[in-house]
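# Geometric and topological summary
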Amino acid sequence: MTKRVAILISGSGSNMVSLAQDMTGDHPARAVLVLSNRADAGGLDKARARGIPTAVVDHRPFGSDRPAFEAALNTVLDQARPDIICLAGFMRVLTEGFVTRWQGRMLNIHPSLLPKYKGLHTHRRAIDAGDAEAGCSVHEVTAELDGGQVLGQARVPIEPNDTAEDLAARVLVQEHRLYPLVLRRFAEGNRNRIDLP
Ligand code: GRF
């Protein structure tokens, strides 16, 4: 049975595009929804151009009432009936209630070599720490922010004089390789970790 995938975005959606591009042919899954908390997310037009249904649930009218925002997310998600949710540059922290609802079926891409540098500004922090390498991780989503089981990682050397922007651009290229590979395995029921050279 082909798995149904909902992709949650907040921005340009380049990871969403790399996932959607891979979900063709003999892939065990298909994108059935791209959902954003921002109506101006560049990724929405990219999804529409690929014929993927889109929806927007703006978080701002809900203020600090995260459960109410998430209830609205779930209303849209329930209509799409996803088997798997991929967070792809979705910049809202999800509550334990929402995560528990989708536990074991939700993935996220994070631009660091977890468990290092959970949260924001990962490239800046890796450079400031004098690290030799950075990278990205795909992990299962749990109630602990960026804390779930890592299912895949890709490493990127940090070059002398790298700015955070330089590094982010090189890591993003690896994100677009890693996330589709992990999703394909996850959709096949394979949770074995993969490390890209
Ligand atoms: C990516 O670097 C991702 O790791 C991070 O947010 C960025 C989103 O990029 N969480 P895009 O919207 O997929 O282009």
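To be clear, the structure that these remarks concern was listed above.
Let us look at the structure shown here. All of these numbers come straight from a predicted model, not from anything done at the bench.

### Let's talk about the overall build of the protein chain
Counting secondary structure elements, the protein chain contains six helices and eight strands. The principal-axis extent of the C-alpha atoms belonging to the protein chain is close to 50 × 40 × 30 Å. For the protein chain, the proportion of contacts with a sequence separation of at least 24, taken over those separated by at least 6, is 62%. When the accessible area of the protein chain is evaluated, it comes to approximately 9,200 Å², of which 52% is carbon and sulfur surface. In the protein chain, 24 side chains carry a positive charge and 23 a negative one; their mean positions are 4 Å apart.

### Focus on the packing of helix H1 (residues 14-22) against helix H6 (residues 164-187)
Between H1 and H6, whose axes approach to 9 Å, the crossing angle comes to 45°. As far as their axial angle goes, H6 and H1 are oblique. Seen from above, H1 lies across H6 with right-handed handedness. Contacts between H1 and H6 involve Ser14, Asn15, Ser18, Leu19 and Asp22 on the former and, on the latter, Leu172, Glu175, His176, Tyr179, Pro180, Leu183 and Arg184.

### Considerations on the sheet that holds strand E5 (residues 106-110)
Taking strand neighbours across the sheet as the criterion, the eight strands line up as E3-E2-E1-E4-E5-E6-E7-E8 in an open arrangement whose pairing is mixed. The outermost strands of the open sheet, each flanked by one partner alone, are strand E3 (54-56) and strand E8 (194-196). Each strand axis lies, on average, 20° off the axis of its neighbour in the sheet, ignoring direction. Along the sheet, helix H3 (residues 66-80) makes contact with strand E1 (3-9), strand E2 (29-36), E3 and strand E4 (84-87), crossing E2 at roughly 155°. Sitting on the sheet, H6 touches E1, E2, E4, E5, strand E6 (133-140), strand E7 (150-157) and E8, and the angle it makes with E7 is about 155°.

### Remarks on the site of the ligand
In the vicinity of the ligand, the contacting residues are Ser12, Gly13, Ser14, Asn15, Gly89, Ile109, Pro111, Leu172 and Glu175. At 2.7 Å from an oxygen atom of the ligand is found a side-chain nitrogen or oxygen belonging to Ser12. At 2.5 Å from an oxygen atom of the ligand is found a side-chain nitrogen or oxygen belonging to Ser14. A total of 360 Å² of accessible area belongs to the ligand in isolation, and the protein chains cover 81% of it. The set of elements that each furnish at least two residues to the shell around the ligand consists of H1 and H6. Residues of the shell around the ligand, tallied by class, amount to three nonpolar, five polar and one charged.

### Notes on unusual backbone geometry
The step from Leu114 to Pro115 runs through a cis peptide bond, and the omega angle for that step is 15°. You can see Pro115 is positioned in the loop between E5 and helix H5 (122-128). Despite not being glycine, Tyr117 shows a phi value in the positive range, around 55°. Examined against the element boundaries, Tyr117 turns out to sit in the loop between E5 and H5. Of note in the backbone geometry, Asp146 takes a positive phi value of approximately 55° without being a glycine. Along the chain, the position of Asp146 falls in the loop between E6 and E7.

### What to know about the nonpolar core
Counting residues in each nonpolar core, the largest one holds 40 residues, and the members touching the most others are Ile7 and Cys86. Considering each element in turn, this core owes the most residues, eight residues, to H6. Setting aside residues no more than four positions away along its own chain, Cys86 makes contact with Val5, Ala6, Ile7, Leu8, Leu19, Leu107, Tyr179 and Leu183. Leu33, Val57, Leu87 and Val141 belong to the second-largest nonpolar core, a separate cluster that totals 21 residues.

What counts and how
Residues numbered from 1 in each chain as written. Predicted model: local features only at pLDDT ≥ 70, side-chain atom pairs only at ≥ 80, totals over all residues. Heavy atoms only, no water. Helix = DSSP H or I, 4+ residues; strand = E, 2+ residues; numbered from the N terminus. Contact = heavy atoms within 4.5 Å. Areas by Shrake-Rupley, 256 points an atom, 1.4 Å probe, with all protein chains shown as cover. Lys, Arg positive; Asp, Glu negative; His and termini not counted. Charge placed at Lys NZ, Arg CZ, Asp CG, Glu CD. Axes fitted to C-alpha atoms, helices over the stretch in contact; angles between N-to-C directions. Parallel < 35°, antiparallel > 145°, perpendicular 65-115°, else oblique. Left-handed = near helix turned anticlockwise from the far one by under 90°. Pairing = 2+ DSSP bridges. Near = heavy atom within 4 Å. Polar contact = N/O pair within 3.5 Å; in protein donor to acceptor, adjacent residues only side chain to side chain. Nonpolar A, V, L, I, M, F, W, Y, C, P; charged D, E, K, R; others polar. Core = buried A, V, L, I, M, F, W, Y, C linked by side-chain atoms within 4.5 Å. Buried < 20%, exposed > 50% of the residue type's maximum accessible area, 1.4 Å probe, protein only.

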